[in-house]
Amino acid sequence: MVFATKEEREKAKQKLAKKGNGLMVEEVKNKDPLVTLKDVLSVNTDEDILKALKNQNRPIFEDIAEGDDRVAVKYRRKGRNQHIGHVVLSVSPKIWKRRDSQWRIAKGVPGDSTYKVLQANLQRKKLAISEIFVEAVKSRGAVALLQEPYVGSSGSMGMYAGVRVYQNTKVGQDGVKAAIAVFDNDLTVIQYPKLTTNNIVVPSAAGRRVYSAHPQRSAHYRRRSHCDTAV
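Note that this is a predicted model, so its numbers are computed, not measured.

**Q** I'm lost on the confidence of the model for the protein in this one. Help?
**A** Reading fine detail from the predicted coordinates is not recommended where pLDDT is low. Confidence in the prediction of the protein, expressed as mean pLDDT, is 77, and 76% of residues score 70 or more. In this model residues 106-112 is a low-confidence stretch, pLDDT under 50, and it forms 21 contacts with partners more than four residues away in sequence or in other chains. Low pLDDT, under 50, characterises residues 215-231; the stretch is placed with 33 contacts to residues that sit more than four places away or in other chains.

Below you can see the structure in the form of structure tokens.
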């Protein structure tokens, strides 16, 4: 039942309560609107996401009365792979109105920076290195995980302007079969020489360990590479 004013609604409720022969009278409660956060790492808990929202969107939550600052995770939807999903939130109407122009959240780990990572098997082609570097610039990629890079007669990747290359320094006869190229100058990277071989490169970036592995030599490290570098 719909009423033009609150007074009419109250009168109808009283009449129904008295003469409704056992009818239950309740007001219809409006449901909170929904907001979808896309491409959030599945490793993040509901608590992590809600904490990040409030930390990264402080102006939205300022000067809102208690009870009107409602934000809750309703459910999750699958993303493009098992490591990424879309999070559906329910928010209060006041939060909904404010979030239109201000809402923001890092897509990866809440509170941290998010980096785009490229991955490719270059099949020892010199031209493929140029193509992956061009693609990294166009797509603003921070890191490229490389399998079978072009190494020439030296057995290792060369140095390129504006690019930091991490690979095994003790090449041997087989030559380097895995390397990591870093394009973001602000990204801090530390390599682990004792864990790095021709087939596996292990550095840490922004506090996280990243793996690049030759696909035919180590299925275990290949899975870790895909998991740890998903954004």
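Having seen the structure, we can now continue with the description.
**Q** How should I be thinking about a positive patch on the surface in this particular structure?
**A** A surface patch of positive charge is lined by Lys11, Lys15, Lys18 and Lys19. Summarising the element assignment, Lys15 is placed in helix H1 (residues 6-19). Judged by its relative accessible area of 60%, Lys15 falls in the exposed class.

**Q** Explain helix H5 (residues 126-138) here, please?
**A** One turn of an α-helix holds 3.6 residues; hence residues three or four places apart share an orientation. Taking 1.5 Å of rise per residue, the 13 residues of H5 would be expected to cover 18 Å, and the 19 Å separating its terminal C-alpha atoms lies within 8% of that figure. A positive backbone phi angle near 60 degrees is found at Arg140, which sits one or two residues after H5.

**Q** Help me out: how do you make sense of the sheet that holds strand S7 (residues 178-182) in this one?
**A** The strands that make up a sheet are held in pairs by hydrogen bonds between backbone atoms, and each pair lies either parallel or antiparallel. Spatially, S4-S5-S7-S6 is the arrangement adopted by the 4 strands of the open sheet, whose pairing is mixed. Whereas interior strands pair on both sides, the edge strands pair on one side only; in this sheet they are strand S4 (117-121) and strand S6 (164-166). For this sheet, the mean inter-axis angle between neighbouring strands, taken without regard to orientation, is 20 degrees.

**Q** Would you mind going over the side chain of Thr196 with me for this structure?
**A** Among the secondary structure elements, Thr196 is positioned in the loop between strand S8 (189-191) and strand S9 (200-201). By relative accessible area, which is 6% here, Thr196 ends up buried. There is a polar contact of 2.8 Å between the side chain of Thr196 and the backbone oxygen of Tyr192. A polar contact is formed between the side chain of Thr196 and the backbone nitrogen of Val202, at a distance of 3.3 Å. Setting aside chain neighbours within four positions, we find Thr196 in contact with Gln167, Asn168, Gln191, Val201 and Val202.

**Q** What am I meant to see in the environment of Lys31 here?
**A** Note that Lys31 resides in the loop between H1 and strand S1 (34-41). Linking Lys31 and Ser92, residues 61 residues apart in sequence, is a C-alpha distance of 8.8 Å.

**Q** How should I be thinking about unusual backbone geometry in this particular structure?
**A** Generally, phi is negative for residues other than glycine and the peptide bonds are trans, each holding for most cases. Even without glycine at this site, Arg140 takes up a positive phi of about 60 degrees. Tracing the backbone shows Arg140 in the loop between H5 and strand S5 (143-147). Positive phi, close to 50 degrees, is recorded for Glu148, a residue that is not glycine. On the secondary structure map, Glu148 appears in the loop between S5 and S6. Residue classification places Glu148 among the buried positions, given a relative accessible area of 17%.

Rules behind the numbers
Residues numbered from 1 in each chain as written. Predicted model: local features only at pLDDT ≥ 70, side-chain atom pairs only at ≥ 80, totals over all residues. Heavy atoms only, no water. pLDDT = per-residue confidence, 0-100. Contact = heavy atoms within 4.5 Å. Patch = residues over 30% accessible without salt bridge, like charges linked within 9 Å, V, L, I, M, F, W, Y side chains within 5 Å. Areas by Shrake-Rupley, 256 points an atom, 1.4 Å probe, with all protein chains shown as cover. Salt bridge = Lys/Arg side-chain N within 4 Å of Asp/Glu carboxyl O. Lys, Arg positive; Asp, Glu negative; His and termini not counted. Charge placed at Lys NZ, Arg CZ, Asp CG, Glu CD. Helix = DSSP H or I, 4+ residues; strand = E, 2+ residues; numbered from the N terminus. Buried < 20%, exposed > 50% of the residue type's maximum accessible area, 1.4 Å probe, protein only. Expected span 1.5 Å × (residues − 1). Pairing = 2+ DSSP bridges. Axes fitted to C-alpha atoms, helices over the stretch in contact; angles between N-to-C directions. Polar contact = N/O pair within 3.5 Å; in protein donor to acceptor, adjacent residues only side chain to side chain.

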